[in-house]
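As a plain string of letters, each chain reads:
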Amino acid sequence: MTSSSYQIIVRNFSQTTQYFYVFQKQAAFPLLPSHGPVLSGSLGCQSVGNYARSGAQINFGLDSQVYAGALSTKQAASPSQLIALLSLNAATLSVVGSTSAFRPVALTTVDGSPDNCTTLTLDPLGLSAPANQSGIAIGGFGMNVPSYTPLPHPELYCGVVALNGNQAIILSSFVAPVPNAVMNCIPKQIFFVKMGYQPVGSTVAYDESNSACCDFTIGYATYTVTYQADGTFSATGGP
C-alpha cells in the first residue's frame, strides 16, 4: 500500500459476529457498440464481533491508484463461478487455468494530457505501458482490444483493478470486452461495505441497498463504518 491509500474501518454493534465485504461502485463503460453485464469483485471480506464488548474492528485498505486489468480464464465460466482475483501478495496469478495482466493508468483530464490508454495483447496476454491517446472519455482510461472471437460464455474480461491492503489484486468492475474496439472505462473511487460472506476475488451481485457508502472522491482518506444493532449502516468520513 502507498501513502495515498484509502482506509475503511468497520465496527459491528450487533450482538453476533458478522462478516462484512467491500466492493467498488460499478464503473461506466461508454462508447462501445455493445457489451455484456458489468461484473463486480469482492475486494475484502472479514468477520468481526461486537465492538462494544471486544473493541475489535476491521480495517480494509485500498490503494488510491487506478489500475487497468485483464483476465483470461482459458475456459468458459459463468459470472457466479468466475474468480476475479488476478494476483495475491503481488506474486504470480494464483488461480489455476487463468492468466492476467494489470497496469497503473492515469485518468483522462480535460486537456487530455495523461498516459491514459493501454493496449491489450492476447497471445501471450499482456497490457502495454500506458500512453496518451485521444478520444478517451474524460475521467476514464482506455484499452485497445484486438480482434478475437467472443464465445457465448466469455473467457476474457477487462476493466478496473483494485489493490487491497493485503496486496491482493482484483478485478473490481469489469466486462467481457468488445473485440477490435477501444474500451473506455470510467471508474469511481466510491466503495460500499455490506454484510455477508463474499471471499476476496469472488464475483458479487451488485447491490448498493442496505450498505455503507464510502465516497473517496470528496476528499476523505478514511471512513468509519458502523453496523448498528438494528441492521442499518452509517459511514463517517475523516482526513
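Structure shown above.
First things first, this report covers the structure right here in the doc. If you're wondering where the values come from, they're calculated on a predicted model, not measured in any experiment.

### Remarks on the side chain of Ser-211
Right, so step 1: Inspection of the secondary structure assignment puts Ser-211 in the loop between strand 16 (203-204) and strand 17 (212-215).
Right, so step 2: Setting aside residues up to four positions removed in sequence, Ser-211 forms contacts with Phe-192, Val-193, Lys-194 and Phe-233.

### Looking at the environment of Phe-192
Right, so step 1: Tracing the backbone shows Phe-192 in strand 15 (residues 190-195).
Right, so step 2: Note: C-alpha distance between Phe-192 and Ala-212 (20 residues apart in sequence) is 5.4 Å.
Right, so step 3: Once residues lying within four places of it in the same chain are set aside, the contact partners of Phe-192 are Tyr-21, Val-22, Phe-23, Lys-25, Tyr-206, Glu-208, Ser-211, Ala-212 and Cys-213.

### A short note on the sheet that holds strand 5 (residues 58-63)
Within a sheet, each strand pairs with its neighbour through backbone hydrogen bonds, oriented either parallel or antiparallel.
Right, so step 1: Taken in spatial order, the four strands of this open sheet run 5-1-18-19, and their pairing is mixed. Edge positions in the open sheet fall to strand 5 and strand 19 (233-238), since each of these has one partner strand only. Mean inter-strand twist for the sheet, computed between neighbouring axes without regard to direction, equals 20°.
Right, so step 2: Pairing analysis gives six bridges linking strand 18 (residues 222-227) to strand 19, with the strands arranged antiparallel. Its bridge partner being in strand 19, Thr-222 is matched across the sheet by Gly-238.

Definitions and limits used
Residues numbered from 1 in each chain as written. Predicted model: local features only at pLDDT ≥ 70, side-chain atom pairs only at ≥ 80, totals over all residues. Heavy atoms only, no water. Helix = DSSP H or I, 4+ residues; strand = E, 2+ residues; numbered from the N terminus. Contact = heavy atoms within 4.5 Å. Pairing = 2+ DSSP bridges. Axes fitted to C-alpha atoms, helices over the stretch in contact; angles between N-to-C directions.

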